[in-house]
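Remarks on the overall topology
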Amino acid sequence: MSAVTMAFLVIGGVGVVVLALSLFIGDIVHFGHPDADGPFSVPAIAGFIGAFGFVGAIAARLAPEGTTWELALGGGAGLLAALPTAWFATRLARAALNMRTDATPTRNDLVGTRSE
């Protein structure tokens with residue numbers, strides 16, 4: 001495996017780590033701004049970095065090893081895949097944040113129920 005392919009894989013791994021941090025501990029330590037929306041939100045940046053790295057690694061591996069084509073094809077394919085991925089991640093995060101849910105149960109909702 002060439003150094004270019006490995007570099008793209010590391011970039012993709014960083015994107016996955018950023019996304020995992022924002023999902024699992026984002027609310028606890030306020031990783032990223034919770035109201036950030038649009039192209040510079042944490043899910044959009046993580047999706048962009050992850051797609052750029054992983055698709056870039058695939059394209060770099062398919063290119064002739066040891067040539068400048070490896071970097072050019074990897075970067076071009078990564079960028080081509082990263083833009084729609086970032087857009088989709090933003091739309092998905094927005095849909096999850098704006099999802100309609102039932103009201104939180106209150107004390108009045110518990111009247112007449114039995115506890116066992």
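All of the points below concern the structure found in this document. (Residues numbered from 1 in each chain as written. Predicted model: local features only at pLDDT ≥ 70, side-chain atom pairs only at ≥ 80, totals over all residues. Heavy atoms only, no water.)

1. Focus: the pattern of salt bridges
This structure, assessed with the given rule, holds 1 salt bridge. A salt bridge links Glu65 to Arg61; its shortest N-O distance comes to 3.9 Å. Residue classification places Glu65 among the exposed residues on the basis of a relative accessible area of 54%. (Salt bridge = Lys/Arg side-chain N within 4 Å of Asp/Glu carboxyl O. Buried < 20%, exposed > 50% of the residue type's maximum accessible area, 1.4 Å probe, protein only.)

2. Description of helix α3 (residues 42-62)
Given 3.6 residues per turn, any residue in an α-helix points the same way as the ones three and four places further on. Over its 21 residues, α3 runs 30 Å from end to end, which matches the ideal 30 Å to within 8%, given 1.5 Å per residue. Every buried residue belonging to α3 is among Val42, Ala44, Ala46, Gly47, Gly50, Ala51, Gly53, Gly56, Ala57, Ala59 and Ala60, and all of these are buried. Considering only its buried residues, α3 is in contact with α1 (3-24) and α4 (68-97). (Helix = DSSP H or I, 4+ residues; strand = E, 2+ residues; numbered from the N terminus. Expected span 1.5 Å × (residues − 1). Contact = heavy atoms within 4.5 Å.)

3. Describing α4
In this model, α4 (30 residues) spans 43 Å end to end at C-alpha, consistent with the 44 Å of a helix rising 1.5 Å per residue. Turning to α4, its buried residues number three or more, namely Glu70, Gly74, Gly75, Gly78, Ala81, Ala82, Ala86, Ala89 and Thr90. Tucked into the core, α4 has its buried residues touching α1 and α3.

4. Comments concerning the packing of aromatic side chains
On inspection of all chains with the given rule, the structure shows 2 aromatic pairs. On the basis of an interplanar angle of 0 degrees and a centroid distance of 6.4 Å, the ring pair of Phe48 and Phe52 is categorised as stacked. Taken together, the positions of Phe48 and Phe52, both in helix α3 and 4 residues apart, correspond to about one turn of that helix. Among the aromatic residues, those joined into a ring-pair cluster are Phe8, Phe48 and Phe52. (Phe/Tyr/Trp six-rings, centres within 6.5 Å; stacked < 30°, edge-to-face > 60°.)

5. Thoughts on the environment of Val14
The residue Val14 is located in helix α1 in this model. You can call Val14 partly exposed: its relative accessible area is 41%. Taking C-alpha positions, Val14 is 7.0 Å from Gly50, a pair spaced 36 residues apart along the chain.

6. Focus on the packing of α1 against α3
When two helices pack together, their arrangement is given by the angle between the helix axes and by the axis-to-axis distance. Across the interface, α1 lies against α3 with an axial gap of 7 Å and an inter-helix angle of 155 degrees. In terms of orientation, α1 and α3 fall into the roughly antiparallel class. Of the two possible hands of crossing, α1 and α3 adopt the one that is left-handed. Across the contact of α1 with α3, the residue classes tally to 16 nonpolar, 8 polar and 1 charged. (Axes fitted to C-alpha atoms, helices over the stretch in contact; angles between N-to-C directions. Parallel < 35°, antiparallel > 145°, perpendicular 65-115°, else oblique. Left-handed = near helix turned anticlockwise from the far one by under 90°. Nonpolar A, V, L, I, M, F, W, Y, C, P; charged D, E, K, R; others polar.)

7. A closer look at the side chain of Thr90
Relative to the helices and strands, Thr90 resides in helix α4. Residue Thr90 is classed as buried on the basis of its relative accessible area of 8%.

8. Considerations on the environment of Ala7
Here Ala7 shows up in helix α1. Residue class for Ala7 comes out partly exposed when judged on its relative accessible area of 38%. Residues Ala7 and Phe54, 47 residues apart in the sequence, show an inter-C-alpha distance of 9.9 Å.

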